[in-house]
Amino acid sequence: NAGVTQTPKFRVLKTGQSMTLLCAQDMNHEYMYWYRQDPGMGLRLIHYSVGEGTTAKGEVPDGYNVSRLKKQNFLLGLESAAPSQTSVYFCASSYSTSGGTSSYNEQFFGPGTRLTVL
Amino acid sequence: GDSVTQMEGPVTLSEEAFLTINCTYTATGYPSLFWYVQYPGEGLQLLLKATKADDKGSNKGFEATYRKETTSFHLEKGSVQVSDSAVYFCALRRRGATNKLIFGTGTLLAVQP
């Protein structure tokens, strides 16, 4: 199993350009997540999905769109990139919570995409 | 809102030294608590977790105890190795939340031989 993979690993954009980051998982997980990691701020949730065809906003959704057309893929789009979106982007996936308020299913993370917007 | 506060790094230790990385949290109710580790160039991996007060999570020689009275979940290891050099993240999940995690800012640990 490849686990969670992300494409591309690195990218440099100019302000105003668009791009799509691809996340793929082969673990048949229902939930998928997109985070950004910035120095001194930890990881912050951008958008997430609880199943194929569904998406929801996280903590910092502005300037990003997502799509989950297939269960194994979760795409993150930047329509008009800004320097403030320079960051490392991580995708993660997990099984759904199995019921009860104390259950937790581990999130598995991809290796990240380093994006620089000039 | 819910939040996690970690000690700022970097933490630099010699091999076989004792490690403590402090983590405190603010949350309504009784969240589940986690430590994740990020090795250079890689994504995050779950290191250990605790789901209720007084639980102790442990893995690979690391331990953390869920202290409700002090709202803390400090990470400890008795004898660090060079291979433990990484960034460590404390995180919480509020009960009822859709598996969403709230992370601390991360603490860089550098272990010197």
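For the structure, check the block above.
Residues numbered from 1 in each chain as written. Chains lettered and ligands numbered in written order. Predicted model: local features only at pLDDT ≥ 70, side-chain atom pairs only at ≥ 80, totals over all residues. Heavy atoms only, no water.

> Help me understand the sheet that holds strand β8 (residues 73-78) of chain A, please; the structure alone is not making it clear to me.
Whether parallel or antiparallel, the strands of a sheet pair through hydrogen bonds between backbone atoms. All names here are of chain A. Spatially, the four strands line up as an open sheet ordered β1-β3-β8-β7, and their pairing is antiparallel. In this open sheet, the two strands that pair with only one neighbour each are β1 (4-7) and β7 (65-67). Each strand axis lies, on average, 20° off the axis of its neighbour in the sheet, ignoring direction. In terms of strand pairing, β7 meets β8 through three bridges, oriented antiparallel. Bridging from a neighbouring strand, Ser67 pairs with Leu75 of β8. (Pairing = 2+ DSSP bridges. Helix = DSSP H or I, 4+ residues; strand = E, 2+ residues; numbered from the N terminus. Axes fitted to C-alpha atoms, helices over the stretch in contact; angles between N-to-C directions.)

> Explain the sheet that holds strand β8 (residues 62-65) of chain B here, please?
All names here are of chain B. Taken together, the four strands give an open sheet; going across it, the order is β3-β9-β8-β7, and neighbouring strands pair in antiparallel fashion. Edge positions in the sheet fall to β3 (19-21) and β7 (56-59), since each of these pairs with one other strand and no more. Averaged over all neighbouring strand pairs, the angle between strand axes comes to 15°, with direction disregarded. Bridge count between β8 and strand β9 (residues 75-77): three bridges; the pairing is antiparallel. Note that in β9 the partner of Glu63 across the bridge is Glu76.

> What's the story with the interface of chain A and chain B in this structure? I'm lost.
In many reports, interface size means the accessible area that the parts give up when they come together. In this assembly, 25 residues from chain A lie in contact with 22 residues from chain B. The interface formed by chain A and chain B includes zero salt bridges. In this assembly, chain A and chain B are joined by one residue pair in polar contact (both at pLDDT 80 or more). Among the secondary structure elements, those contributing two or more residues to the side of chain A that touches chain B are β4 (31-38), β5 (42-49) and β9 (87-94) of chain A. Per-class residue counts for the side of chain A that touches chain B are 13 nonpolar, 11 polar and one charged. (Contact = heavy atoms within 4.5 Å. Salt bridge = Lys/Arg side-chain N within 4 Å of Asp/Glu carboxyl O. Polar contact = N/O pair within 3.5 Å; in protein donor to acceptor, adjacent residues only side chain to side chain. Nonpolar A, V, L, I, M, F, W, Y, C, P; charged D, E, K, R; others polar.)

> Hey, could you run me through the state of the cysteines in this one?
In a disulfide, the sulfur atoms of two cysteines are held together by a covalent bond. Per the stated rule, a full pass over the model turns up two disulfides over all chains. Bridging Cys23(A) to Cys91(A), the disulfide has an S-S length of 1.9 Å. Classification of the bridge connecting Cys23(A) and Cys91(A) rests on its S-S torsion, roughly -75°, and on that basis the disulfide is left-handed. In this pair, Cys23(A) sits in strand β3 (residues 19-25) while Cys91(A) sits in strand β9, placing the two residues 68 residues apart along the sequence. Bridging Cys23(B) to Cys90(B), the disulfide has an S-S length of 2.0 Å. On the sign convention where negative means left-handed, the S-S torsion of about -70° between Cys23(B) and Cys90(B) marks this disulfide as left-handed. Pair noted here: Cys23(B) is in strand β4 (residues 23-26) and Cys90(B) is in strand β10 (residues 86-93), with a separation of 67 residues, a long-range link. Residue class for Cys90(B) comes out buried when judged on its relative accessible area of 0%. (Disulfide = S-S within 2.5 Å. Buried < 20%, exposed > 50% of the residue type's maximum accessible area, 1.4 Å probe, protein only.)

> How should the pairing of β8(B) be read in this particular structure?
Each regular strand displays side chains that alternate between the two surfaces of the sheet. Residues and elements named next belong to chain B. Bridge count for β7 against β8 is four bridges, and the pairing is antiparallel. Looking across to β8, one finds that Lys56 is bridged to Thr65. From the end of β7 to the start of β8, which pair antiparallel, there are two residues, and Lys60 there has a positive phi angle of about 55°.

> Any chance you could explain the nonpolar core here in plain terms?
Soluble globular proteins tend to pack their nonpolar side chains together in the buried interior. Leu19(B), Trp35(B), Leu47(B), Leu48(B), Phe73(B), Leu75(B) and Tyr88(B) are the most contacted members of the largest nonpolar core, which has 26 residues in total. Of all the secondary-structure elements, those providing two or more residues to this core are β2 (11-14), β3, β4, β5 (32-38), β6 (44-50), β8, β10 and β12 (107-112) of chain B. In terms of residue count, the dominant contributor to this core is β10(B) (four residues). Not counting chain neighbours up to four residues away, the residues in contact with Leu75(B) comprise Leu19(B), Thr20(B), Ile21(B), Trp35(B), Leu47(B), Leu48(B), Phe62(B), Glu63(B), Ala64(B) and Tyr88(B). Counting 20 residues, the second-largest nonpolar core is a separate cluster that includes Cys23(A), Trp34(A), Leu76(A) and Leu78(A). (Core = buried A, V, L, I, M, F, W, Y, C linked by side-chain atoms within 4.5 Å.)

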